[in-house]
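Take a look at the letters that make up each chain.
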Amino acid sequence: MKKTEDPPIMGDPSEISEPASAEKRSGKKRKAFRIEIYRAWCKACGICVAFCPTKVFTKEEDGYPRVAHPEACTGCAWCEIHCPDFAITVEEKKVGHGAE
């Protein structure tokens, strides 16, 4: 009997499937979100980096979060809701005239 390897408990971030794959299957355009971090309010606790379900954030050398993969954001606002310093906002990007 051939032995198979057990899957990793905490997967490597590079193994996370692209959220856009659902967009490709459904043919629907994904919503885009703007994530802002108010660094002056942030105490670099790392909660947003550790618990973002789509790994949008990474830590900079000084420990502060950085929005590394904004295209992966699903708009769940987990980071905004759980930030103890109210230092994160998540807003849907507007499409159309006057959009950013």
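Per chain, residues are indexed from 1 in the order of the written sequence. The predicted origin of the model limits local features to residues at a pLDDT of at least 70 and limits the giving and counting of side-chain atom pairs to 80 or more, whereas totals for whole chains, interfaces and linings rest on all residues. Derived side-chain values reflect all non-hydrogen atoms in the structure, with water molecules and hydrogen atoms excluded from consideration.

**Structural notes on empty space enclosed by the protein**
Worth spelling out the cut-off: Grid spacing is 1 Å over the protein atoms alone, the probe is 1.4 Å, and a cavity is where that probe fits but cannot get out, while a pocket is an open set with protein on both sides within 12 Å along at least five of seven lines and lining residues have an atom within 4 Å of a point. Grid points are joined across faces, edges and corners, and a volume is the space filled by probe spheres set on the points. Only runs of H or I of at least four residues qualify as helices and only runs of E of at least two qualify as strands under DSSP, and these elements are numbered from the N terminus. Here the nonpolar group is Ala, Val, Leu, Ile, Met, Phe, Trp, Tyr, Cys and Pro; Asp, Glu, Lys and Arg are the charged ones; every other residue, Gly included, is treated as polar.
Using the criterion set out here, one finds two cavities of 30 Å³ or more in the structure. Taken as a whole, the largest cavity holds about 100 Å³ of empty space. Lining the largest cavity are 17 residues, and of these Cys42, Cys45, Cys48, Cys83 and Ile88 lie nearest its centre. If you list the elements that add at least two residues to the lining of the largest cavity, you get α2 (47-51) and α3 (78-82). At three residues, the largest contribution of residues to the lining of the largest cavity is made by α3. Here the residues of the lining of the largest cavity sort into 13 nonpolar, two polar and two charged. Considered as a void within the structure, the second largest cavity measures approximately 80 Å³ in volume. Cys52, Val56, Cys73, Cys76 and Cys79 are the residues nearest the centre of the second largest cavity, which is lined by 13 residues in total. Its residues assigned to classes, the lining of the second largest cavity shows ten nonpolar, three polar and no charged.

**Thoughts on the side chain of Thr54**
Inclusion rule: Under this definition, polar contacts are N or O atom pairs within 3.5 Å; protein pairs additionally need one hydrogen-donor-capable and one acceptor-capable atom, and for neighbouring residues in sequence, both atoms have to be side-chain atoms. Contacts are assigned to residue pairs with any non-hydrogen atoms lying within 4.5 Å of each other.
Looking at the secondary structure, you find Thr54 in the loop between α2 and β2 (57-59). Among the polar contacts listed, one links the side chain of Thr54 to the backbone oxygen of Ala72, at a separation of 3.1 Å. Setting aside its immediate chain neighbours within four residues, Thr54 contacts Ala72, Cys73 and Thr74.

**A closer look at the confidence of the model for the protein**
What counts is decided by this rule: Each residue carries a pLDDT value, the predictor's own confidence for that position, ranging from 0 to 100.
Per-residue pLDDT for the protein averages 81, and the proportion of residues at 70 or more is 68%. In this model, residues 7-22 is a region of pLDDT below 50 whose contacts with residues beyond four sequence positions or in other chains number five contacts.

**Some details on the environment of Val49**
Quick reminder of the rule: Three labels apply to residues, based on accessible area from a 1.4 Å probe with only protein chains included: buried if under 20% of the type maximum, exposed if over 50%, partly exposed otherwise in between.
The topology assignment puts Val49 in helix α2. Take Val49: its relative accessible area is 18%, and that puts it in the buried class. Counting along the chain gives 17 residues from Val49 to Arg66, while the straight-line C-alpha distance between them is 8.5 Å. Look past the residues within four positions of Val49 in its chain and what remains in contact with it is Phe57, Thr58, Lys59 and Pro65.

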